[in-house]
Amino acid sequence: GDEYAVIAERTSLEGGIIIAERIRGMAETSYRIYYGGFTVSIGVANYNGCNGGKQELLTHADVALGLAKVRRNSVVAYKEQQSLGAYAGAPAAAK
């Protein structure tokens, strides 16, 4: 499916989760009426937790998105204790 990025300046990780849940809910409700069923999976990351700059932020968001896709139709936030290994530990069908 398609992938997009939303950059919300001056927003905490918790605020990003709220925004993501709103986007997921609106998309699911709006498009179901016109196009039938589908899922929206969103990964959330916060720049403040990235010592490696923009590239690390994108990596964190991608890891969170990967976990959200495994869970299907969900919002997953990247937390510091997560790592690339967390995604590697996902069920085989999701890899």
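What counts as what
Residues numbered from 1 in each chain as written. Predicted model: local features only at pLDDT ≥ 70, side-chain atom pairs only at ≥ 80, totals over all residues. Heavy atoms only, no water. Helix = DSSP H or I, 4+ residues; strand = E, 2+ residues; numbered from the N terminus. Buried < 20%, exposed > 50% of the residue type's maximum accessible area, 1.4 Å probe, protein only. Expected span 1.5 Å × (residues − 1). 1 Å grid on protein atoms, 1.4 Å probe; cavity = no way out; pocket = protein on both sides within 12 Å on 5 of 7 lines; lining within 4 Å. Points joined across faces, edges and corners; volume = space filled by probe spheres on them. Nonpolar A, V, L, I, M, F, W, Y, C, P; charged D, E, K, R; others polar. Contact = heavy atoms within 4.5 Å. Salt bridge = Lys/Arg side-chain N within 4 Å of Asp/Glu carboxyl O. Core = buried A, V, L, I, M, F, W, Y, C linked by side-chain atoms within 4.5 Å.

*Asks:* Explain unusual backbone geometry to me, please; I cannot follow it from the model alone.
*Replies:* What you tend to see is this: most non-glycine residues have negative phi, and most peptide bonds are trans. Positive phi, normally seen in glycine, also occurs at Arg10, with a value near 55 degrees. With respect to the element layout, Arg10 can be found in the segment before α1 (13–35). When its relative accessible area of 85% is taken as the criterion, Arg10 is described as exposed.

*Asks:* Mind showing me how you'd approach helix α2 (residues 53–71) here?
*Replies:* In an α-helix, one turn spans 3.6 residues; hence positions three or four apart end up facing the same way. A rise of 1.5 Å per residue sets the reference length of α2, with its 19 residues, at 27 Å; its end C-alpha atoms lie 28 Å apart and thus fit the reference within 8%. Backbone geometry just after α2 places Arg72 at a positive phi near 65 degrees.

*Asks:* Can you walk me through the layout of surface pockets in this structure?
*Replies:* Regions of empty space are outlined by a rolling probe, equal in size to a water molecule, passed over the atoms. In this structure, the largest pocket spans a volume of roughly 1,400 Å³. Around the largest pocket, the lining comprises 38 residues; the ones closest to its centre are Tyr4, Ala5, Val6, Ile42 and Gly43. Breaking the lining of the largest pocket down by element, the ones donating at least two residues are α1, β1 (42–44) and α2. Of the residues that constitute the lining of the largest pocket, the class distribution is 21 nonpolar, nine polar and eight charged.

*Asks:* Is there a simple way to think about the side chain of Glu28 in this case?
*Replies:* Note on placement: Glu28 falls in helix α1. Beyond its immediate sequence surroundings of up to four residues, Glu28 is in contact with Phe38 and Asn73.

*Asks:* Just checking my understanding: could you explain the pattern of salt bridges for this structure?
*Replies:* Oppositely charged side chains can form a pair if their charged atoms are brought close together. Following the criterion strictly, the structure yields three salt bridges and no others. Across the pair Lys69 and Glu3 runs a salt bridge, and its minimum N-O distance is 2.8 Å. Of this pair, Lys69 sits in helix α2 while Glu3 sits in the segment before α1; the two residues are 66 residues apart in sequence, bridging distant segments of the chain. By relative accessible area, which is 43% here, Lys69 ends up partly exposed. Here Arg24 makes a salt bridge to Glu21, at a shortest N to O gap of 3.3 Å. A residue pair is termed a helical-turn pair when its members lie 3 or 4 positions apart in one helix, as Arg24 and Glu21 do in helix α1 at three residues.

*Asks:* Would you take a moment to explain the environment of Ile19 for this structure?
*Replies:* By secondary structure assignment, the location of Ile19 is in helix α1. Its relative accessible area of 30% is what places Ile19 among the partly exposed residues. Sequence separation between Ile19 and Val44 is 25 residues, and the spatial gap between their C-alpha atoms is 9.6 Å. Among residues more than four places away in sequence, those in contact with Ile19 are Ala8 and Thr11.

*Asks:* Just to check I follow, could you spell out the nonpolar core for this structure?
*Replies:* Soluble globular proteins: nonpolar side chains tend toward being buried together. Counting eight residues, the largest nonpolar core consists of Leu13, Ala20, Ala27, Val40, Ile42, Val44, Val75 and Ala77. Listed by contribution, the elements that provide at least two residues to this core are α1, β1 and β2 (75–77). With three residues, α1 is the largest single contributor of residues to this core. Beyond its immediate sequence surroundings of up to four residues, Ala20 is in contact with Ile42, Val44 and Val75. Of all hydrophobic cores here, the second largest spans six residues; its members include Val63, Ala64, Val76 and Tyr78.

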